[in-house]
Number of protein chains: 2
Amino acid sequence: MVPPSPSTSDDKSPRRARARAILEAAEAILVEEGYEALSARAVAERAGVNKALVFYYWGSTAELFERVLERYYARHKDALREAFGQDGSLEERLHRGLDGYLDFMEANQAYARLVQQQVSTGGPHLALVQRHLGELLGATSELLAALTPQGGPLSAKHFHLSLSAAVINYFTYAPVLGEEHWGRDPMSAEALAERRAHLHWMVDAWLRALDATLPQGTRPAPTGGQR
Amino acid sequence: MVPPSPSTSDDKSPRRARARAILEAAEAILVEEGYEALSARAVAERAGVNKALVFYYWGSTAELFERVLERYYARHKDALREAFGQDGSLEERLHRGLDGYLDFMEANQAYARLVQQQVSTGGPHLALVQRHLGELLGATSELLAALTPQGGPLSAKHFHLSLSAAVINYFTYAPVLGEEHWGRDPMSAEALAERRAHLHWMVDAWLRALDATLPQGTRPAPTGGQR
DNA sequence: ACGCGCTTTGACCGATCGGTTAATACCCTG
DNA sequence: CAGGGTATTAACCGATCGGTCAAAGCGCGT
């Protein structure tokens, strides 16, 4: 027996190939059938491999799932970094960041479901999700610091939560509403473009309202409530 | 053996008492431990009752869950109806509706988790959730018809989705972020009040931006995109 | 006291789960 | 060819799940 060592990423090639095949099978199942369909047996069958190999290479199904989820988070952060990193005014970068976010979500529709599912079930992988959610919140809060007060109802974290909610929940709720309630297939290119326009409009509305609400150009730091 | 008939609500009292006790036990488990902890055995144990009685009175655990969920939906709709039904300008009623929504969510924090969990897992009760989500969407869309265009990115359904996302996801995501990432206990009275203020501010920002975007007082009906 | 119908019980079923293990196949090196 | 580490396999384990069932308890009218 050998130390499973699924973490080190540069092993001998045949070993890594098998391990990767199993990981890919797991991701495919998550994408197509969701979290509850992810069983060691299902993964093994999909990868064309004996069930025991799943444990041999990955130790447990939980580990396997977390690796898939971490790949998603890594890709997500890359996408945001790239979209945000361009030059331009903060407003422009904000809109570009939103576009990058949406591009990523459109391309990885399972991601929203998986995260939201862990969050809403208090699943066994909450700690991992919590860590990444915290990182994302911290990063955007830093970027918005120039626009919003540091505390109170107009602080960056509220906008982060509201915007990401409006993004994520489209991908989780709209498909459930479906064509009959939403009016058309929510995942069609036209519907996605319409949603994108809505979110950009919303961001603009926020920016304008922030300008109107906060007196001078830079942020004051009110702690008290609004309204 | 007798027809289980869990639906009829006015039976003999001893029978209903037992059935209710089981239902309450199920709800308690859902509130305290979540959906995956809802097993026939757990319910029976909690209700102090033989496991077979769960099936005798409710037919299946699925039925039991749906009854609990439907009670939540009924209460939710009552709360919204009452909050919206007051007189006043549409804007005032909108803010009151938001307050009613938030009051309800604060008082029933399990509700958001249960719904979101069904949505994000594609759970076995999606059909029920879909029906109620559709009803809620239809109702608010009707109310907003006077303020928003009938189609496109500023149509009522987009605002419904964005607002409910911003409300619901606070109750599902903020607790996961926790005190360490959110800055203080997100479910404390002060944090809840701050979130409430944020959402009211957001609605106001939307209303002002809608006024600025749409030329005359009443709605035009553009179909095309924005931005 | 009897019987009848509703209620309650514990034992049981088959399926599925994650995970283990001991035996075997494979392959490369000496 | 021999040996040793790696990879792979089938069989097995205990736990849990939803659900069923036949028997037993029980209350009540006759």
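Residues numbered from 1 in each chain as written. Chains lettered and ligands numbered in written order. Predicted model: local features only at pLDDT ≥ 70, side-chain atom pairs only at ≥ 80, totals over all residues. Heavy atoms only, no water.

Visitor: Sorry, what's going on with the overall build of chain A here?
Guide: Check the secondary structure of chain A and you find nine helices and zero strands. Each of the 227 residues in chain A was classed as buried or not, and the buried ones make up 50%. Sequence separation of 24 or more characterises 64% of the internal contacts of chain A that already satisfy a separation of 6 or more. If you sum the accessible surface of chain A, you get close to 10,300 Å²; carbon and sulfur atoms cover 52% of it. (Helix = DSSP H or I, 4+ residues; strand = E, 2+ residues; numbered from the N terminus. Buried < 20%, exposed > 50% of the residue type's maximum accessible area, 1.4 Å probe, protein only. Contact = heavy atoms within 4.5 Å. Areas by Shrake-Rupley, 256 points an atom, 1.4 Å probe, with all protein chains shown as cover.)

Visitor: Please clarify how the protein's contact with DNA strand D should be interpreted in this entry.
Guide: Lining the immediate surroundings of DNA strand D are 17 residues, of which Arg15, Tyr56 and Tyr57 of chain A together with Arg41 and Lys51 of chain B lie closest. Backbone atoms, meaning sugar and phosphate, make up 54% of the atoms of DNA strand D lying within 4 Å of the protein. Between DNA strand D and the protein, one listed contact pairs a phosphate oxygen with a side-chain N or O atom of Asn50 of chain A at 3.2 Å. Note that a phosphate oxygen of DNA strand D is positioned 3.1 Å from one of the backbone N or O atoms of Thr61 of chain B. Those elements that provide at least two residues to the surface near DNA strand D are α1 (13–33) and α3 (51–58) of chain A together with α2 (40–47) and α3 (51–58) of chain B. The greatest single-element share of the surface near DNA strand D, amounting to four residues, is contributed by α3 of chain A. Taken together, the residues of the surface near DNA strand D sort by class into nine nonpolar, four polar and four charged. (Near = heavy atom within 4 Å. Polar contact = N/O pair within 3.5 Å; in protein donor to acceptor, adjacent residues only side chain to side chain. Nonpolar A, V, L, I, M, F, W, Y, C, P; charged D, E, K, R; others polar.)

Visitor: Looking at this structure, I do not really get the protein's contact with DNA strand C. What am I missing?
Guide: Arg41 and Lys51 of chain A together with Arg15, Tyr56 and Tyr57 of chain B are the nearest of the 17 residues found near DNA strand C. Of all DNA strand C atoms lying within 4 Å of any protein atom, the proportion belonging to sugar or phosphate reaches 52%. A distance of 3.4 Å is found between a phosphate oxygen of DNA strand C and a side-chain nitrogen or oxygen belonging to Arg18 of chain B. Listed by contribution, the elements that provide at least two residues to the surface near DNA strand C are α2 (40–47) and α3 of chain A together with α1 (13–33) and α3 of chain B. Looking at the surface near DNA strand C residue by residue, the classes come out as nine nonpolar, four polar and four charged.

Visitor: Please explain the packing of helix α4 (residues 61–85) of chain A against helix α7 (residues 126–144) of chain A as it appears in this structure.
Guide: The description of two packed helices rests on the angle between their axes and on the distance between the axes. Residue and element names in this part refer to chain A. At a minimum axis distance of 11 Å, the contact between α4 and α7 shows a crossing angle of 5 degrees. Viewed along their axes, α4 and α7 adopt a mutual orientation that is roughly parallel. The residues of α7 that touch α4, namely those facing Glu66, Leu69, Glu70, Tyr73, His76, Lys77, Leu80 and Phe84, are Leu128, Val129, Arg131, His132, Leu133, Glu135, Leu136 and Leu143. Classifying every residue of the contact of α4 with α7 gives nine nonpolar, two polar and five charged. (Axes fitted to C-alpha atoms, helices over the stretch in contact; angles between N-to-C directions. Parallel < 35°, antiparallel > 145°, perpendicular 65-115°, else oblique.)

Visitor: Just to check I follow, could you spell out the relation of the copies chain B and chain A for this structure?
Guide: Relating the two copies of this chain is a rotation about some axis coupled with a shift parallel to it. For the match of chain B to chain A, the screw axis carries a shift of 0.0 Å, the RMSD comes to 0.0 Å, and the turn is 180 degrees. Here the symmetry operator amounts to a two-fold rotation axis. A shared interface surface links the copies, since 100% of the contact residues of chain B are contact residues in chain A too. (Least-squares fit on C-alpha atoms with pLDDT ≥ 70 in both.)

Visitor: Any chance you could explain the interface of chain B and chain A here in plain terms?
Guide: Interfaces are frequently sized by the accessible area removed from exposure as the parts join. Between chain B and chain A, the contact holds 52 residues from the first and 52 residues from the second. Summed over both sides, the interface of chain B with chain A buries roughly 5,100 Å², with 66% coming from carbon and sulfur. Scanning the region where chain B abuts chain A turns up two salt bridges. With its nearest N and O atoms 3.7 Å apart, the salt bridge here joins Lys157 of chain B to Glu194 of chain A. Where chain B meets chain A, there are 21 residue pairs in polar contact (both at pLDDT 80 or more). Residue assignment for the side of chain B that touches chain A shows that the elements contributing at least two residues are α6 (109–121), α7 (126–144), α8 (156–182) and α9 (189–213) of chain B. Here the side of chain B that touches chain A is built from residues that sort into 25 nonpolar, 18 polar and nine charged. (Buried area = accessible area lost by both parts, 1.4 Å probe. Salt bridge = Lys/Arg side-chain N within 4 Å of Asp/Glu carboxyl O.)

Visitor: Can you walk me through the domain arrangement of chain A in this structure?
Guide: Residue and element names in this part refer to chain A. Parsing chain A into structural domains produces domain 1 (13–59) and domain 2 (66–213). The distance between the C-alpha centroids of domain 1 and domain 2 comes to 29 Å. Between domain 1 and domain 2, the residue contacts involve eleven residues of the former and twelve residues of the latter. Counting across the interface, domain 1 meets domain 2 through three salt bridges. The partner of Arg71 in a salt bridge is Glu24, with the nearest N and O atoms 3.5 Å apart. Our count for the domain 1 to domain 2 interface comes out at six residue pairs in polar contact (both at pLDDT 80 or more). Sorting elements by how many residues they give to the side of domain 1 that touches domain 2 places α1 first, with seven residues. Looking at the side of domain 1 that touches domain 2 residue by residue, the classes come out as six nonpolar, one polar and four charged. (Domains from an automatic or database assignment.)

Visitor: Sorry, what's going on with helix α6 (residues 109–121) of chain A here?
Guide: Given 3.6 residues to a turn, an α-helix orients residues that are three or four positions apart in the same direction. Residue and element names in this part refer to chain A. The end-to-end C-alpha distance of α6, which contains 13 residues, comes to 19 Å, matching closely the 18 Å that a straight helix rising 1.5 Å per residue would cover. Burial analysis of α6 places eleven of its 13 residues in the buried class, which makes it a mostly covered element. Those residues of α6 that fall on the buried side of the exposure criterion are Ala110, Tyr111, Ala112, Leu114, Val115, Gln116, Gln117, Gln118, Val119, Ser120 and Thr121. Phi for Gly122, located one or two positions after α6, is positive at around 60 degrees. (Expected span 1.5 Å × (residues − 1).)

Visitor: Quick question: what am I supposed to make of the pattern of salt bridges here?
Guide: For side chains bearing opposite charge, pairing can occur when the charged atoms are close. All names here are of chain A. Tallying each qualifying case throughout the model produces 27 salt bridges over all chains. Note that Arg196 and Asp103 form a salt bridge whose closest N and O atoms lie 2.7 Å from each other. One end of the pair, Arg196, is in helix α9 (residues 189–213); the other, Asp103, is in helix α5 (residues 90–107), and 93 residues separate them in sequence. Members of the salt-bridge network, linked through shared partners, are Arg20, Glu24, Glu27, Arg71 and Arg75.

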